[in-house]
Amino acid sequence: MLQDRSVHVVVIHSWTKIFCCTGLRIGSIILPCRDDFALMKKYMIPWNVNVLAGDYLSVCMKNKDYLQQTWDTTSELRRNQKAALEAAFPDWDVKGEPFLSWMWIDTKSEQVAEKAVNVAKAWGCPIRWGKKGYNRPTYVRMAVRKPELFQVLFSALKQELK
């Protein structure tokens with residue numbers, strides 16, 4: 001696409017969620033050409049990945065059992081959590097592919113979305129509000145979680161939003 005249409009496609013992937021290290025901000029980037037890399041590097045902070053983060057990622061990538069288990073269970077967890085949310089909140093529209101480790105949820109109301117974020121935070125299960133950074137004020141983004149962690153969040157939402 002770069003040569004035919006002068007379209008620069010950049011692929012960015014975060015590794016932080018799958019390895020439970022959100023504070024380290026580890027990711028990958030694929031760029032179409034060296035010029036794009038040079039431009040990106042011009043704006044990067046000089047300490048973008050520290051030694052600890054690099055070592056952590058290196059160890060994580062070698063844990064094939066964890067990666068396979070995560071891949072094998074995420075779709076089932078997501079399917080169950082999506083079904084529970086849709087049953088409890090039939091007006092909500094849960095979006096995203098079945099293999100994703102998160103769900104975008106259109107609550108159809110900015111007030112409901114804001115309250116859901118506040119409830120989740122108060123119960124120690126933060127979710128992201130789509131208003132900030134995504135310009136989707138009726139949406140929240142929720143991670144697919146282990147069943148016991150999802151149950152805490154789900155119970156809080158049912159209790160506080162009904």
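Preceding this paragraph is the structure being described.
Read on for a plain summary of the structure.

The rules we used
- Residues numbered from 1 in each chain as written.
- Predicted model: local features only at pLDDT ≥ 70, side-chain atom pairs only at ≥ 80, totals over all residues.
- Heavy atoms only, no water.
- Salt bridge = Lys/Arg side-chain N within 4 Å of Asp/Glu carboxyl O.
- Helix = DSSP H or I, 4+ residues; strand = E, 2+ residues; numbered from the N terminus.
- Buried < 20%, exposed > 50% of the residue type's maximum accessible area, 1.4 Å probe, protein only.
- Expected span 1.5 Å × (residues − 1).
- Bend = angle between axes of the 7 residues up to and from the residue.
- Contact = heavy atoms within 4.5 Å.
- Core = buried A, V, L, I, M, F, W, Y, C linked by side-chain atoms within 4.5 Å.
- Phe/Tyr/Trp six-rings, centres within 6.5 Å; stacked < 30°, edge-to-face > 60°.

## Some details on the pattern of salt bridges
One pass over the structure, following the stated rule, counts three salt bridges. Between E86 and K82 there is a salt bridge, with its nearest N and O atoms 3.0 Å apart. Pair noted here: E86 and K82 are both in helix α4 (residues 64-88), with a separation of four residues, about one helical turn. The exposure class of E86 is partly exposed, given its relative accessible area of 31%.

## Some points on α4
Look at α4: 36 Å from first C-alpha to last across 25 residues, which is about the 36 Å you get at 1.5 Å a residue. Most pronounced at T73, the bend in α4 amounts to some 35 degrees. Every buried residue of α4 is listed here: T70, T74, R78, Q81, L85 and A88. Packing partners of the buried residues in α4 comprise β3 (93-95), β4 (102-106), β6 (139-143) and α7 (147-161).

## Examining the nonpolar core
Within the largest apolar cluster, 23 residues are counted, with the highest numbers of intra-cluster contacts made by L85, I105, I127 and M142. Those elements giving two or more residues to this core turn out to be α4, β4, α5 (110-122), β6 and α7. The residues contacting I105, other than those within four sequence positions of it, are L85, W92, D93, V94, T138, Y139, V140 and M142. Counting five residues, the second-largest nonpolar core is a separate cluster that includes F19, I26, A53 and C60.

## Focus: the packing of aromatic side chains
Inspection of every chain in the model, using the stated rule, returns five aromatic pairs. Residues W71 and F99 carry aromatic rings whose centres are separated by 6.3 Å and whose planes lie at 35 degrees to one another, so their mutual orientation is tilted. Separated by 28 residues along the polypeptide, W71 in helix α4 and F99 in the loop between β3 and β4 bring together distant segments of the chain. With relative accessibility at 43%, the residue F99 sits in the partly exposed group. Here F150 and F154 contribute two aromatic rings whose centre-to-centre distance is 5.3 Å and whose plane-to-plane angle is 20 degrees, an arrangement assigned as stacked. Pair noted here: F150 and F154 are both in helix α7, with a separation of four residues, about one helical turn. Since its relative accessible area comes to 8%, F154 is described here as buried. Aromatic rings pair up to connect W104, Y134 and Y139 into one cluster.

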